[in-house]
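An overview of the molecular structure
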Amino acid sequence: MDGQGHRLIRRTGVHRAGRIAWVVAGAIPVLFLAVFFLAPVSNLVLRGFHDDGVWSLAGFTEVFSAPRTWRILWFTLSTATLATLLCVLLGLPVAYLLYRCRFPGRGVLRAIVAVPFVLPTVVVAVAFGSLFNPGALLGFLQLKESYPAILLALCFFNVAVVVRTTGSVWARLDPRLGQAAQVLGASPVRTLLTVTLPALGPAIAAGASLVFLFCSTAFGIIMVLGGVKYSTIETEIWYQTTQLLDLRAAAALSITQLVIVSSTLLVSNALERRTQQSLRLHVDDSGEHPLSPTRDWFALTITGLVVVLLLVLPIANLVLRSLRRDGRWSLQNYANLATTGSRGTLTVPVWQAVWNSAWTASAACAIAVTLGVLVSLVASRRPRTSAGRRGLTALEGAFLLPLGVSAVTVGFGYLITLNRPPLDLRSSLVLIPIAQALVALPLVVRSLLPALRAIDPRQLEAARALGSNSWQVLRRIELPHLIRGLGLAIGFALATSLGEFGATSFLSRPENPTLPVVIYRLFGRPGADNYGMALAASALLACLTAIVMAAAEYARPKGVATW
C-alpha cells in the first residue's frame with residue numbers, strides 16, 4: 001500500500017474517532033440530565049396521575065374545572081407579560097448607554113446592573129420587605145404585599161437580561177446603517193425606530209422571551225411579597241405538594257408549566273440564533289461614541305433612575321438596616337451570626353451555613369461548568385443534514401428546561417425517586433450540589449454557546465482546507481473562543497449556586513443548612529435578634545454574590561451576547 005493509502009486510512013480513523021468522541025461528549029451530560037432531572041420530574045408527574053393503582057386524568061380535570069386555577073393561570077401570564085414589557089422599556093435605554101456610549105466607570109456600572117439577576121430570591125425578598133414594611137424607608141407608600149411591589153421585584157431581577165442580550169448586539173451593529181439614514185434626512189428618533197430597533201429586533205425578542213420565562217416561574221418573590229393574596233403556577237405547585245399533599249393537582253400544574261416553559265424556550269432559542277448574524281456585522285468598537293449629556297439625556301436619566309431607585313436602593317437599604325440595632329449604629333447583628341439565634345431557631349451558627357454554602361457552591365460550579373462545556377461544544381456543531389440540526393436544537397432545548405421547571409418539583413422529585421439502590425441518595429449531601437448544578441447549568445450553556453456560535457464558519461472551513469483535522473480545529477479555534485466565556489460561566493454558576501433556595505430547602509438537613517435556608521428560617525421566626533440576623537446574613541450573601549458577579553463581569557467575553 002502506498003503512502004497516499006496510509007494517509008487515507010489514518011484520516012478515516014481520525015474521523016471515526018472524532019465522531020465517537022462527540023457522541024461520548026454528548027452522552028455524559030444527557031445521562032446526568034436523565035438521572036437528575038427527567039427521572040425525578042417524570043416520576044412526580046406520573047405519580048400524580050396514578051391513584052390507587054389506576055391511571056386517571058381525574059386530577060387534571062378537577063384542577064382545570066376550578067375557577068381558582070384559571071385565576072392563577074391568568075395572574076401568572078398577565079404578571080409575566082407586564083413585567084416583561086416594563087423590563088424592555090427600562091432595559092433598552094440602559095443597554096444603549098452601557099453598550100453604545102463610552103464613559104469612565106462603565107465597567108463598574110455594567111457589573112451593578114448584572115448583579116441583581118443572580119441575587120438569591122430570599123435576599124431580594126428580605127430587601128424589598130425591609131424597604132416597604134410599615135415604618136421602613138418607603139413604608140409610607142403602603143406597598144407591603146402589593147402588586148406593584150411584585151412587579152418592581154421582578155423588574156429588579158430581570159432588567160439585566162434585556163440589557164445584556166440587547167446591549168451585546170447593539171455594541172456590534174454597523175453604525176454606517178444609521179449614519180446613512182441620517183444623511184438621507186432621517187431624524188435621530190426616526191433612525192432609531194426605522195433602522196436600529198428593527199436590526200435589534202431578534203435580540204430584543206430573545207431577551208423578552210427569557211424575561212417572560214423567569215417571571216412566569218418566579219417563586220420566592222411571590223411567596224414573600226405576595227402574601228396570601230397572590231398565587232402563581234409556581235407557588236400553587238408548592239402549596240399543592242407541601243401543604244395539601246395533592247400530587248394529582250401538582251402534576252397537572254407542572255405539566256401546564258412545562259408547556260409554557262417549552263414554548264418560551266423554543267421561541268428564545270430561535271431568536272437567539274438569529275442574533276448571531278448580528279454579531280458578525282461589525283467587529284470593532286467604532287460604533288461607540290463618547291457620552292454626551294445633551295444628546296444622550298434620555299438614556300442617562302432612565303439609567304440613573306433604574307440603577308439608583310430600582311437596583312441600588314433596596315440592597316443599600318438592606319445593608320444599612322443590618323447595621324442598625326435598637327435605633328443606633330451597631331455590628332451586633334453581625335456578631336450574632338456566630339450564634340444559633342434566639343429561641344433555638346437554628347441548629348448550627350450562621351457561619352457554619354456560610355461554609356456549607358461555599359463548599360456546595362464550589363462543587364456545583366465544577367459540575368455545571370464541566371457539563372456546560374460538553375453541551376456547548378456538542379450543540380455548536382454544524383451538521384449538514386436537517387435531522388442533525390434538529391437533534392442539536394433539541395439537545396440545547398433540553399438543557400435549558402431546568403430554567404423553568406419548579407424547584408419544588410425537582411426537590412420533591414429527588415426525595416421520592418432517589419430513595420432506593422443503586423441511587424439511594426436521600427441522606428447524602430451530594431444531592432445539594434447536584435441540584436444546584438442543575439439550576440446553574442442552563443446559565444452556563446447560555447454563557448458559553450454564543451461564543452462558539454459567533455465563530456465565522458469561513459474560518460473553520462479555511463482551517464480544514466489547509467489540512468487541519470477536527471482535533472486541530474477544536475484546539476486552535478474553538479477552545480480559545482470557549483475560554484473567552486469561561487470566566488462568565490464560572491461566575492454565573494457560583495453565584496446561582498450560592499443563592500439557590502427552592503430545591504435546597506427540600507434537601508438540606510438542620511445540621512447542614514445553606515445560607516439561603518438559614519435566612520428563610522430566621523426571617524420567619526419572631527424576635528429582634530432573628531430579624532437582625534436575617535438582615536445581616538442577607539447583606540453578607542448579597543455581598544458575596546456581588547463580588548463573584550463583579551469578577552465574572554470583568555472576565556465577560558467582549559461583544560458576545562449571553563442569556
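Here we summarise the structure given alongside this text. (Residues numbered from 1 in each chain as written. Predicted model: local features only at pLDDT ≥ 70, side-chain atom pairs only at ≥ 80, totals over all residues. Heavy atoms only, no water.)

**Some remarks on the overall build of the protein chain**
Each helix and strand in the protein chain was counted, giving 23 helices and eight strands. Taken across its 563 residues, the protein chain has 55% of its residues classed as buried. A fraction of 80% describes how many contacts in the protein chain between residues 6 or more apart in sequence connect residues 24 or more apart. Summed over all atoms, the accessible surface of the protein chain reaches about 24,500 Å², with 66% contributed by carbon and sulfur. (Helix = DSSP H or I, 4+ residues; strand = E, 2+ residues; numbered from the N terminus. Buried < 20%, exposed > 50% of the residue type's maximum accessible area, 1.4 Å probe, protein only. Contact = heavy atoms within 4.5 Å. Areas by Shrake-Rupley, 256 points an atom, 1.4 Å probe, with all protein chains shown as cover.)

**Here's the deal with the packing of aromatic side chains**
Summed over the entire model, instances satisfying the criterion amount to 14 aromatic pairs. On the numbers, 5.7 Å between centres and 70° between planes, the contact of Phe64 with Trp70 is edge-to-face. Assessed through its relative accessible area of 47%, Trp70 is described here as partly exposed. Here Phe75 and Tyr230 contribute two aromatic rings whose centre-to-centre distance is 5.3 Å and whose plane-to-plane angle is 20°, an arrangement assigned as stacked. With Phe75 in helix α3 (residues 67-100) and Tyr230 in the loop between α9 (220-225) and α10 (233-243), this residue pair connects regions lying 155 residues apart in the sequence. Over the aromatic face of Tyr99 sits the side chain of Arg110, whose NZ or CZ is 4.1 Å from the ring centroid. Cation over ring: Arg324 sits above Trp329, and NZ or CZ is 4.6 Å from the ring centre. (Phe/Tyr/Trp six-rings, centres within 6.5 Å; stacked < 30°, edge-to-face > 60°. Lys NZ or Arg CZ within 6 Å of the ring centre and 35° of its normal.)

**Examining the side chain of Thr360**
Relative to the helices and strands, Thr360 is located in helix α14 (residues 350-379). Under the relative-accessibility criterion, Thr360 is labelled buried at 2%. At 2.8 Å, the side chain of Thr360 forms a polar contact with the backbone oxygen of Asn356. Discounting chain neighbours no more than four positions away, the residues touching Thr360 are Ile432, Pro433, Gln436 and Thr514. (Polar contact = N/O pair within 3.5 Å; in protein donor to acceptor, adjacent residues only side chain to side chain.)

**A short note on helix α16 (residues 407-417)**
In terms of burial, α16 is largely enclosed, as 10 of its 11 residues are buried. Taken as a whole, α16 has its buried residues at Ala407, Val408, Thr409, Val410, Gly411, Phe412, Gly413, Tyr414, Ile416 and Thr417.

**Digging into the packing of α14 against helix α22 (residues 515-523)**
Packing of α14 against α22 leaves a shortest axis separation of 8 Å and a crossing angle of 145°. For the pair α14 and α22, contact is made by Val350, Ala353, Val354 and Ser357 and by Leu515, Pro516, Val518 and Leu522, respectively. Within the contact of α14 with α22, the residues separate by chemical class into seven nonpolar, one polar and no charged. (Axes fitted to C-alpha atoms, helices over the stretch in contact; angles between N-to-C directions. Nonpolar A, V, L, I, M, F, W, Y, C, P; charged D, E, K, R; others polar.)

**Section: the nonpolar core**
Val350 and Tyr414 are the most contacted members of the largest nonpolar core, which totals 149 residues. With near-sequence residues (within four places) excluded, Val350 lies in contact with Leu337, Thr339, Leu515, Val518, Leu522, Met533 and Ala537. Of all hydrophobic cores here, the second largest spans 19 residues; its members include Ala368, Leu448, Ile455 and Ala493. (Core = buried A, V, L, I, M, F, W, Y, C linked by side-chain atoms within 4.5 Å.)

**Here we look at unusual backbone geometry**
For Glu145, which is not a glycine, the phi torsion comes out positive at approximately 50°. Positionally, Glu145 belongs in the loop between α5 (121-132) and α6 (147-170). The exposure class assigned to Glu145 is partly exposed, which follows from its relative accessible area of 32%. The phi angle at Asp326 is positive, at roughly 55°, despite the residue not being glycine. Assignment of secondary structure puts Asp326 in the loop between β5 (324-325) and β6 (328-329).

**Concerning the packing of α3 against α6**
In contact at an axis separation of 6 Å, α3 and α6 are set at 45° when each is read in the N-to-C sense. Comparing their axes, α6 and α3 come out oblique. Both α3 and α6 take part in a crossing whose hand is right-handed. (Parallel < 35°, antiparallel > 145°, perpendicular 65-115°, else oblique. Left-handed = near helix turned anticlockwise from the far one by under 90°.)

**What to know about the pattern of salt bridges**
Under the defined criterion, the tally for this structure stands at four salt bridges. Between Asp529 and Arg325 there is a salt bridge whose closest N-O contact spans 2.1 Å. Here Asp529, found in helix α23 (residues 528-554), pairs with Arg325, found in strand β5; they are 204 residues apart in sequence, far enough to count as distant. Owing to a relative accessible area of 30%, Asp529 belongs among the partly exposed residues under this scheme. You can call Arg325 buried: its relative accessible area is 14%. (Salt bridge = Lys/Arg side-chain N within 4 Å of Asp/Glu carboxyl O.)

**Topic: the environment of Val369**
Relative to the assigned elements, Val369 resides in helix α14. The class for Val369 is buried, based on a relative accessible area of 12%. Considering only alpha carbons, one finds Val369 and Gly491, 122 residues apart in sequence, at a separation of 10.0 Å. Not counting the four nearest positions on each side in its chain, Val369 is found in contact with Val444, Leu486, Ala489, Ile490 and Ala493.

**Observations regarding a nonpolar patch on the surface**
On the surface, a cluster of nonpolar side chains totalling about 350 Å² of accessible area is made up of Leu57, Phe60, Ile255 and Val259. With respect to the secondary-structure elements, Leu57 resides in the loop between β2 (54-55) and α2 (58-64). Overall, the relative accessible area of 61% leaves Leu57 in the exposed class. (Patch = residues over 30% accessible without salt bridge, like charges linked within 9 Å, V, L, I, M, F, W, Y side chains within 5 Å.)

**Some points on the environment of Val122**
Positionally, Val122 belongs in helix α5. Looking at Val122, the relative accessible area reads 9%, which means it is buried. Between the alpha carbons of Val122 and Phe523 there is a distance of 9.4 Å; along the sequence they are 401 residues apart. Excluding residues within four positions of it along the chain, Val122 makes contact with Phe501, Pro516, Ile519 and Tyr520.

**Observations regarding the side chain of Asn43**
In this fold, Asn43 is placed in helix α1 (residues 3-48). Residue contacts for Asn43: discarding those within four places in its chain leaves Ile416 and Thr417.

The values are spatial; any link to function lies outside them.
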